[in-house]
Amino acid sequence: MQHTRRLATAVLAVAVLLWSAGCAPTRPPSGTGRTRVTPTTVAIKGSDTMVNLNQAWAESYMGENRDARVVVNGGGSGTGIAALLEGKTDIAASSREMTAEEIAAATKAGHAPKAQIVGLDGIAVIVNAANPVQSLTVAQLAAIYTGKTTDWKQVGGNAGKIVLLGREVNSGTHVFFKEHVIQGGNSTSPAEYAKATLFVSSSQAIVSEVAHNARAIGYVGLGYVSDAVRALPIAPATGKPAVAPSPESVVAGTYPISRPLYFYTRGEPSGAVKAFLDYVLSADGQAVVRELEFVPVT
Amino acid sequence: MSSDPVSHEPTTARIPCAATSTASRFAARRSCAERQARRRRFWEWIIEHALLLIGLVAVAAVVLVLLFMLRDALPLFFADHLSPLGFIFGTEWRPISFPAQYGIWALIMGTTIVTAGASLIAIPLGFACAVYLAELAPRAVREVMKPTVELLAAIPSVVIGFIGYALLNNWVRDAFRLPTGLCALTAVLLLALMMLPTIISIAEDAITAVPRSYREGSLALGASLLSTIRHAILPAAGSGLVAAAMLGIGRALGETMVVLMVAGNSIEVPLGFLGNPDLTLWHKLATLVQSGFGLFGPARTMTATVASEMGEVAVGSVHYHALFAVGALLVLMSLTITLVSDVALRRVKRS
């Protein structure tokens, strides 16, 4: 009887110990309603394209540093930058550069924003291995995806209807390709995906269809390009040399369908923010970039 | 508790249904039987009402699902001020453009074409198979075939979709010389395959349920077996066959994964050229045949649209409400089909 009671007490004590060790330090006081909860909390807000990447960084960073806390929010690059100016976030994630006005506003408020490229977004245009087309210009690509060009022979290929493959609207790639190629970087352009575009539910499915269909064209993140398909070199404009998509050409900025992904901080990063940024740029952090089909900086 | 008048012995007082004298034993047995009957009635009441409650939960679930869908669908017309006609008959589905456009005619036509195509294949095939299994097949064949057909229903739809994506897609493209195999026809073939077990199983039951006397009477009058099946058995099983077809159609209408994977999902309206006033009738007919009645082109169904876009949509946005409206319309279409099949089932029961 006494034996059992002692055992029960011991079990209870161990449980209490484990519980207090397990949850006490990782749960900061909450209820202030602001994103900066404790000094060790890093708040990231901004680009929806980057939100999964930011989340993945946050998770692996918190997994390695038990007392660190990273809060990720989306909303768009502009939202993130506005929040940074108002001091509501530590890091603004942005898939575009800050505008001159935004930088001026920040400098006026007393903290010149510091930009850090944390990864790159590059999209490869893929065709079947048997397709004779060697390269396309961005304008040709836009004409193909808006339905103005419908036959491969119009761009130097074998006669045959072009089968357009795209990602579903919930994909960041869909949005990036639309803004960057179809609208030609002009966000007010009324250009749209051709109605005949087949919206496919995954990048893997695009690769698989292009691999089997000689008339298909599709676009996927660089990480998805395999030997089964051919990634077309793309020329930024007629007369300019076409550049093959590769991590190097994306990093060099010569490949036209790519963009750097930024982290903006208020002035030089320090403390917890700096520690997190160091992690993001470390080999581990850049491995996360590759995992999520973006292009690492280094 | 004991009402036994002579149960003064402590032992019998404890056991209510045991008495010593003949008279009291008789009285006790009667009161005991009465008590047992009362207890049984009580339990029957409990069970009956518990079952009623379970039935009501199912009814409530249907009503609540519809209310839940409508709660998030109706703001599309009242708060976001889209016209219901423009929503249903609009031919542009551009949910993330500026300005966004929400017209689901392409989705309605996609769902209609895919469901109709699959039904046209699966219903005749299913009925033929059911007749064979119920009337013609040797016992050994039937005993192997029927469970096998029913096993077909157990294959997860994503597996069927995967087979369609990796194999059928390429076969359809090469066989019909199409630009791509990601089209309505591939989806139709796979959906037909998925409808078959439902149709065969229910149709076979309906045919087996036809009284033996019909069959024997017809054969005794000198009718051949095929004539008996056609003129005596099938008409008698008619309502059951309708129910089988309806449940099969419901299966095709609600299927999501397969169409999402193989139907192409473009926002082009299938058979949209039929509404073009510039085309002559002959040109329309020629295009109709050329397009394989719309089956050779891509189709985007209502289910696939909701499934692929719901994940990332901002809660409470116009797009969100539009997807709920698509869902609500789908529930209404599905309910209509179920009600029709229910009426048919009731008719078969009456006959």
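It should be emphasised that the depicted structure is a prediction, and the values quoted were computed from it without experimental measurement.

## What to know about the layout of surface pockets
Then comes step 1: Considered as a void within the structure, the largest pocket measures approximately 1,600 Å³ in volume.
Then comes step 2: For the largest pocket, the lining is made up of 46 residues, of which Asp48(A), Thr49(A), Ser171(A), Gly172(A) and Val175(A) are closest to its centre.
Then comes step 3: Counting residues per element, the lining of the largest pocket draws most heavily on helix α6 (residues 172-182) of chain A, at seven residues.
Then comes step 4: Its residues assigned to classes, the lining of the largest pocket shows 14 nonpolar, 22 polar and ten charged.
Then comes step 5: Contributing to the lining of the second largest pocket are 30 residues, with Lys161(A), Ala196(A), Glu268(B), Gly297(B) and Pro298(B) lying nearest its centre.
Then comes step 6: Secondary structure elements with two or more residues in the lining of the second largest pocket: β6 (163-167) of chain A together with α13 (281-290) of chain B.
Then comes step 7: Looking at side-chain class alone, the lining of the second largest pocket contains 17 nonpolar, eleven polar and two charged residues.

## Description of helix α9 (residues 271-281) of chain A
Then comes step 1: Here α9(A) has its buried residues at Val273(A), Phe276(A), Leu277(A), Tyr279(A) and Val280(A). The buried residues of α9(A) occupy one face: seen down the axis, they fall within an arc of 160°.

## Focus on the nonpolar core
Then comes step 1: Among the nonpolar cores identified, the biggest contains 125 residues, and Leu141(A), Tyr145(A), Phe177(A) and Ile217(A) are the most heavily contacted of them.
Then comes step 2: The element contributing the most residues to this core is helix α8 (residues 184-208) of chain B, with 15 residues.
Then comes step 3: Sequence-distant contacts of Phe177(A), defined by excluding residues within four places in its chain, comprise Ile123(A), Val125(A), Leu141(A), Tyr145(A), Ile182(A), Tyr193(A) and Tyr219(A).
Then comes step 4: Residues Val42(A), Ile44(A), Phe263(A) and Phe294(A) belong to the second largest nonpolar core, which totals 23 residues.

## Re the domain arrangement of chain A
You'll often see interface size given as the accessible area lost when the parts meet.
Residues and elements named next belong to chain A.
Then comes step 1: As far as domains go, chain A holds domain 1 (36-120 + 260-291) and domain 2 (121-258).
Then comes step 2: Measuring from the centre of the C-alpha atoms in domain 1 to the corresponding centre in domain 2 gives 30 Å.
Then comes step 3: Facing the four residues of domain 1 at the interface are four residues of domain 2.
Then comes step 4: Of the roughly 370 Å² buried between domain 1 and domain 2, counting both surfaces, carbon and sulfur atoms make up 67%.
Then comes step 5: Inspection of the domain 1/domain 2 interface yields zero salt bridges.
Then comes step 6: Where domain 1 packs against domain 2, one counts zero residue pairs in polar contact (both at pLDDT 80 or more).

## Section: the side chain of Thr197(A)
Then comes step 1: You can see Thr197(A) is positioned in the loop between α6 and β7 (198-200).
Then comes step 2: Thr197(A) sits in the buried class, given a relative accessible area of 0%.
Then comes step 3: Apart from the residues within four sequence positions on either side, Thr197(A) is in contact with Tyr145(A), Leu164(A), Leu165(A), Gly166(A), Asn265(B), Ser266(B) and Ile267(B).

## Topic: the pattern of salt bridges
Where side chains of opposite charge bring their charged atoms close, a pairing between them can arise.
Then comes step 1: Evaluation of the coordinates by the stated rule reveals 19 salt bridges over all chains.
Then comes step 2: In this structure, Glu102(A) engages Arg96(A) in a salt bridge whose closest nitrogen and oxygen atoms are separated by 3.2 Å.
Then comes step 3: The class of Arg96(A) is partly exposed, set by a relative accessible area of 31%.
Then comes step 4: Through salt bridges with shared partners, a single ionic network connects Lys178(A), Glu192(A), Lys195(A), Glu92(B) and Arg94(B).

How each quantity is defined
Residues numbered from 1 in each chain as written. Chains lettered and ligands numbered in written order. Predicted model: local features only at pLDDT ≥ 70, side-chain atom pairs only at ≥ 80, totals over all residues. Heavy atoms only, no water. 1 Å grid on protein atoms, 1.4 Å probe; cavity = no way out; pocket = protein on both sides within 12 Å on 5 of 7 lines; lining within 4 Å. Points joined across faces, edges and corners; volume = space filled by probe spheres on them. Helix = DSSP H or I, 4+ residues; strand = E, 2+ residues; numbered from the N terminus. Nonpolar A, V, L, I, M, F, W, Y, C, P; charged D, E, K, R; others polar. Buried < 20%, exposed > 50% of the residue type's maximum accessible area, 1.4 Å probe, protein only. Arc of directions from axis to C-beta. Core = buried A, V, L, I, M, F, W, Y, C linked by side-chain atoms within 4.5 Å. Contact = heavy atoms within 4.5 Å. Domains from an automatic or database assignment. Buried area = accessible area lost by both parts, 1.4 Å probe. Salt bridge = Lys/Arg side-chain N within 4 Å of Asp/Glu carboxyl O. Polar contact = N/O pair within 3.5 Å; in protein donor to acceptor, adjacent residues only side chain to side chain.

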